Amino acid sequence: MPVRVAIVEDEAQAIQTLEQYLARFSKENGTQFAVRAYQNPVLLLENYSADYDLIYMDIQMPAMNGMEAARRLRALDEKVLLVFVTSLTQYAIAGYGVSALDYIVKPVNYYDFALKLTRALKRVDSVKTNVVNISTQMGITRVDLDDITFVEVRNHQLTYHTVEGEYSQYGSMAALAKELSGKGFAQCNSCYLVNLQHVKDVSGYTATLSDGSELKISQPRKKGFMEVFQAYLAGREKEY
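Remember, predicted model here, so these are calculated numbers, not experimental data.

Take the pattern of salt bridges next. Inspection of every chain in the model, using the stated rule, returns 12 salt bridges. Note that Glu9 is salt-bridged to Lys106, the shortest N-O span being 3.0 Å. Separated by 97 residues along the polypeptide, Glu9 in the loop between strand 1 (3-8) and helix 1 (12-29) and Lys106 in the loop between strand 5 (102-105) and helix 5 (110-130) bring together distant segments of the chain. Between Arg154 and Glu152 there is a salt bridge, with the nearest N and O atoms lying 3.8 Å from each other. In this structure Arg154 comes out as partly exposed when scored by relative accessible area, which is 42%. Shared partners join several salt bridges into a network, and the residues in it are Asp102, Asp112, Lys116 and Arg119.

Right, here's the structure in full:
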């Protein structure tokens, strides 16, 4: 799957330079990119869907400056990696207040660009490993795996119960269980996929979670669930 990149820049020449650098990096390193450019940050923010991995944001733009755009972006998406592109380093440094990963000074030098892109891609891989993208009526929502308490399925609809609320999308429990295999999740019955770090107690055929939910453990899955849960606890103990 390609790395999804947005370029937010009001100057056409600057957009072209970044696109050429991404193409050159792709050719040299084999990384695939899906790139979309916005000459107005409002166009990015309108109907924003959290499906970008990396955003290059100019700071000086006439319609809305990049710092304000970044603040609005963070209200919509806390996970996307943000790199400022600017000729004024004092503004770029202020970008850390909106959790910017880095900044690049204009005129952009390819080797500086490539070095910082390599660093960003390592973070992209880390973020992708620890989040799940949920398609809702409002668009794509990016949720931390740690924040999911459990997922249930009803009539082919998956409901993600999280510390922030519930999100639903159509999908297969079997496919989701496979996607999250090895990431601390286990099925206690055919309807529930549980985040083991949120399991506070198992008594008989009931698992009690950190949010107070009590989930039934089916008899056919009891042995397998307990084996996975005990292995998870043993692994946690080794960390301390």
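Take the sheet that holds strand 15 (residues 214-216) next. The sheet built from three strands is open, its strands ordered 13-14-15 with antiparallel pairing. Edge positions in the open sheet fall to strand 13 (199-203) and strand 15, since each of these has one partner strand only. Taken pair by pair, the neighbouring strands of this sheet meet at an average axis angle of 25 degrees, ignoring direction. Relative to strand 15, strand 14 (residues 206-209) is paired through three bridges, and the arrangement is antiparallel. Bridge assignment links Thr206 to a residue of strand 15, and that residue is Lys216.

In this structure, Phe33, Leu54, Tyr56, Phe113 and Leu117 are the most contacted members of the largest nonpolar core, which totals 24 residues. For this core, the elements supplying multiple residues, two or more each, are strand 1, helix 1, strand 3 (54-58), strand 4 (81-86) and helix 5. Residue contributions to this core peak at seven residues, all from helix 5. Not counting residues up to four positions away in its chain, the partners in contact with Phe113 are Leu18, Tyr21, Leu22, Tyr56, Ile104 and Val108. Of all hydrophobic cores here, the second largest spans 23 residues; its members include Ala6, Tyr48, Met64 and Phe84.

Moving on, we get to the packing of aromatic side chains. Under the counting rule described, the total for this entry stands at nine aromatic pairs. The rings of Tyr21, Tyr56, Tyr110, Tyr111 and Phe113 are connected pair by pair, giving a single aromatic cluster. Positioned above the aromatic ring of Tyr110, the side-chain terminus of Arg24 is 3.9 Å from the ring centre. Between the NZ or CZ atom of Lys116 and the centre of the ring of Tyr103, over which it lies, the distance is 5.2 Å.

Strands in a sheet are paired, the pairing made by backbone hydrogen bonds, and the direction either parallel or antiparallel. Pairing is antiparallel in the open sheet, where five strands are placed in the order 10-9-8-12-11. Two strands lie at the open edges of the sheet, namely strand 10 (165-170) and strand 11 (185-189), each paired on one side alone. Neighbour-to-neighbour, the strand axes of the sheet open up by a mean angle of 20 degrees, direction not taken into account. Two strands pair when backbone bridges link them, and strand 8 (residues 148-154) and strand 9 (residues 157-162) are joined in this way by six bridges, in the antiparallel orientation. The partner of Val151 across the bridge, within strand 9, is Tyr160.

Take unusual backbone geometry next. The omega angle of the peptide bond from Lys106 to Pro107 is -5 degrees, so this bond is cis rather than trans. Secondary-structure assignment places Pro107 in the loop between strand 5 and helix 5. Even without being a glycine, Ser99 presents a positive backbone phi close to 60 degrees. Positive phi is not limited to glycine here, since Asn155 has a value of about 50 degrees. Within the secondary structure layout, Asn155 lies in the loop between strand 8 and strand 9.

Look at helix 5: 30 Å from first C-alpha to last across 21 residues, which is about the 30 Å you get at 1.5 Å a residue. Those residues of helix 5 lying buried are Tyr110, Phe113, Ala114, Lys116, Leu117, Ala120, Leu121 and Val124. One side of helix 5 holds all its buried residues, which, seen down the axis, span an arc of 165 degrees. When the buried face of helix 5 is taken as reference, the exposed residues oriented beyond 90 degrees from it are Tyr111, Leu115, Lys122 and Asp125. Residues of helix 5 that are buried sit in contact with strand 1, helix 1, strand 2 (33-38), strand 3, strand 4 and strand 5. Measuring from the backbone nitrogen of Tyr111 back to the side-chain oxygen at the start of helix 5 gives 2.8 Å, which picks out Asn109 as the cap.

About the cut-offs
Residues numbered from 1 in each chain as written. Predicted model: local features only at pLDDT ≥ 70, side-chain atom pairs only at ≥ 80, totals over all residues. Heavy atoms only, no water. Salt bridge = Lys/Arg side-chain N within 4 Å of Asp/Glu carboxyl O. Helix = DSSP H or I, 4+ residues; strand = E, 2+ residues; numbered from the N terminus. Buried < 20%, exposed > 50% of the residue type's maximum accessible area, 1.4 Å probe, protein only. Pairing = 2+ DSSP bridges. Axes fitted to C-alpha atoms, helices over the stretch in contact; angles between N-to-C directions. Core = buried A, V, L, I, M, F, W, Y, C linked by side-chain atoms within 4.5 Å. Contact = heavy atoms within 4.5 Å. Phe/Tyr/Trp six-rings, centres within 6.5 Å; stacked < 30°, edge-to-face > 60°. Lys NZ or Arg CZ within 6 Å of the ring centre and 35° of its normal. Expected span 1.5 Å × (residues − 1). Arc of directions from axis to C-beta. Polar contact = N/O pair within 3.5 Å; in protein donor to acceptor, adjacent residues only side chain to side chain.

So yeah, pure geometry; function would need other evidence.
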